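Structural characterization, general
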Amino acid sequence: MAVATLGVLTVVSAAAAIWFFFRGRRDRGIPPEAVYQLLHAVSAVREHFSEEAAERLTERLRVLLDCVAVGIADAEGGLLSWTGAADHHYVDLVDHIKSVFSDRRTVVVAHDDLSSSSCRSCGMGVTMLVPLIVDGEPQGSLIVAAKSRTPELGLMVDVVAEFVRVQLDLGRRDESAHALQIAEIKALRAQISPHFLYNALNGISGLIRTDPDTAQELMQDFADFARYSFRTSGMFTTLAEEFRNIDRYLTIQQALYAGRLGVRMKIAPEVLSVVVPFLVLQPLVENAVKHGLAGKPGGGTVTIIANDSGDEAVISVDDDGLGMDPERLRSVSSQHKTGQHIGLGNVNARMQQTFGSGYALMVETAEGAGTKVTLRLPKFMPGVQRKVKE
């Protein structure tokens, strides 16, 4: 979270510098909308550092910087975009661009130092080459050709380059976080007990002759459960969908436990639309059944309560099963590294990655007294949304 906060502060600072720089130059007839377009164009490189994004950025920068030309090169020195005059000088700059990556600092090249400096009609007096380095690796370079390098222009180029670097860094972090989330969801899918899947199919097949109607209903529940749990798209879902899948799971388990599993669910309708990470509740319920009640003589009851609490939804999964010594559960966050209670550790990690450290799971347990897991969910969090199409 500290790294993310630093990134946000850098973005805000750079954006503010860009805004005040150009606001003070309204005598050149630059409308505020043009500054907004620049900020939007810089932000676009976060999503994809492509030729299209580079072209949008160079077009807006050349006008607002009032320079001869603006270019963007990729990490190999290949030209992604060049807007303005003097484009024939790019071939003269290739070696300088490579030196930018090796020296990792801005390089200023005078027109007279270029091999084709005899050209006098291009208007270029000096070119600034700024490296775009993220996590120690070159991502590209910003090229600004101007009549002269004024302190004002030099400062503005540095600010824009830093803004671009931050956007590229945030884009990489988004990709890493997305990949991590996918890996964790795969781990949760793998954690869904193979014994449950086998026992469910075996139990349903045993009912086909004795109670075909019930067998058909359970088979439909099982198919819907599997379809939801093993779907390949969508990082987020709603509490309504999570509870619907939990209901399928518990319906099947009640049939398998033959009267030894009680279920109580009390869900406030106000929280059903809350968006949550995919498969954030089902592992908690499976742990309650598998680790809390399966080994208890006579079985027990799983109680699931979802309450509306202002800006948050509060969910608890409670079982009156075997429980455990609290010392065995010193850190929920480390449980995914062990075989037992993998779901608790995984869900705990995903909750904090998505909503922040203040949204860790709270676990209450004691030997012979069952286990209660409580989680809080914000009703709204920027970037957390369920896509309509999955």
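Before any of the text, the structure's been laid out above.
**Thoughts on the overall build of the chain**
Scanning the chain for helices and strands turns up 10 helices and 12 strands. A buried classification covers 47% of the 390 residues belonging to the chain. If you take every contact in the chain between residues at least 6 apart in sequence, the share linking residues at least 24 apart comes to 66%. As presented, the chain carries roughly 19,200 Å² of accessible surface, and 52% of it is formed by carbon and sulfur atoms.

**Some words on unusual backbone geometry**
Even without being a glycine, alanine 258 presents a positive backbone phi close to 50°. Residue placement: alanine 258 occurs in the loop between helix 8 (239–257) and strand 7 (261–267). Given a relative accessible area of 63%, alanine 258 falls into the exposed group.

**What to know about the sheet that holds strand 12 (residues 371–378)**
Spatially, 5 strands are ordered 7-9-10-12-11 in an open sheet, and the strand pairing comes out mixed. The outermost strands of the open sheet, each flanked by one partner alone, are strand 7 and strand 11 (362–365). Along the sheet, successive strands turn relative to each other by an average axial angle of 10°, direction set aside. The pairing of strand 10 (residues 312–319) with strand 12 spans 8 bridges and is antiparallel. Pairing of glutamate 312 across the sheet is with proline 378, part of strand 12. Running at roughly 165° to strand 7, helix 8 makes contact with strand 7, strand 9 (300–309), strand 10 and strand 12 of the sheet.

**Regarding the environment of alanine 306**
By the element assignment, alanine 306 lies in strand 9. Assessed through its relative accessible area of 1%, alanine 306 is described here as buried. In this structure, the C-alpha to C-alpha distance between alanine 306 and valine 271, residues 35 residues apart in sequence, is 7.4 Å. Beyond its immediate chain neighbours, meaning those up to four positions away, alanine 306 contacts Phe243, Lys266, Ile267, Ala268, Val271, Val314 and Ile315.

**Points about the side chain of serine 81**
The residue serine 81 is located in strand 2 (residues 79–84) in this model. Under the relative-accessibility criterion, serine 81 is labelled buried at 7%. Side chain to side chain, serine 81 and threonine 58 meet in a polar contact 2.8 Å long.

**Some details on helix 3 (residues 51–65)**
Compared with the 21 Å implied by 1.5 Å per residue over 15 residues, the 20 Å span of helix 3 between its first and last C-alpha is a close match. Within helix 3, burial applies to Ala53, Ala54, Leu57, Thr58, Leu61, Leu64 and Leu65. Across the axial projection of helix 3, the buried residues extend over an arc of 140°, all falling on one side. Exposed and oriented more than 90 degrees from the buried face of helix 3 are Glu51, Glu52 and Val63. Aspartate 66 sits one or two residues past helix 3 and shows a positive phi near 55°.

**Brief notes about the pattern of salt bridges**
For side chains of opposite charge, pairing can occur when their charged atoms come near one another. What the rule picks out here adds up to 3 salt bridges. Of the charged contacts, one joins arginine 227 and aspartate 224 as a salt bridge, the two residues approaching to 2.8 Å between their closest N and O atoms. Taken as a pair, arginine 227 and aspartate 224 lie in helix 7 (residues 212–229) at a separation of 3 residues, close to a single helical turn. By relative accessible area, which is 54% here, arginine 227 ends up exposed. Its salt-bridge partner being arginine 376, residue glutamate 312 comes within 2.9 Å of it at the nearest N-O pair. Highlighted residues: glutamate 312 in strand 10 and arginine 376 in strand 12, separated in sequence by 64 residues. Under the relative-accessibility criterion, glutamate 312 is labelled buried at 17%.

**Let's talk about the nonpolar core**
Membership of the largest hydrophobic core comes to 40 residues, with the highest contact counts inside it found for Leu239, Leu281, Leu284, Ile315, Met351, Leu375 and Leu377. Going through the elements one at a time, helix 6 (194–210), helix 7, helix 8, helix 9 (282–293), strand 9, strand 10, helix 10 (342–355) and strand 12 are the ones with two or more residues in this core. Contact partners of leucine 375, with chain neighbours within four places excluded, come to Val280, Leu281, Leu284, Ala313, Val314, Ile315, Met351 and Leu361. Among the nonpolar cores identified, the runner-up in size contains 23 residues, and Cys67, Val70, Leu132 and Leu168 belong to it.

Cut-offs used in this document
- Residues numbered from 1 in each chain as written.
- Predicted model: local features only at pLDDT ≥ 70, side-chain atom pairs only at ≥ 80, totals over all residues.
- Heavy atoms only, no water.
- Helix = DSSP H or I, 4+ residues; strand = E, 2+ residues; numbered from the N terminus.
- Buried < 20%, exposed > 50% of the residue type's maximum accessible area, 1.4 Å probe, protein only.
- Contact = heavy atoms within 4.5 Å.
- Areas by Shrake-Rupley, 256 points an atom, 1.4 Å probe, with all protein chains shown as cover.
- Pairing = 2+ DSSP bridges.
- Axes fitted to C-alpha atoms, helices over the stretch in contact; angles between N-to-C directions.
- Polar contact = N/O pair within 3.5 Å; in protein donor to acceptor, adjacent residues only side chain to side chain.
- Expected span 1.5 Å × (residues − 1).
- Arc of directions from axis to C-beta.
- Salt bridge = Lys/Arg side-chain N within 4 Å of Asp/Glu carboxyl O.
- Core = buried A, V, L, I, M, F, W, Y, C linked by side-chain atoms within 4.5 Å.

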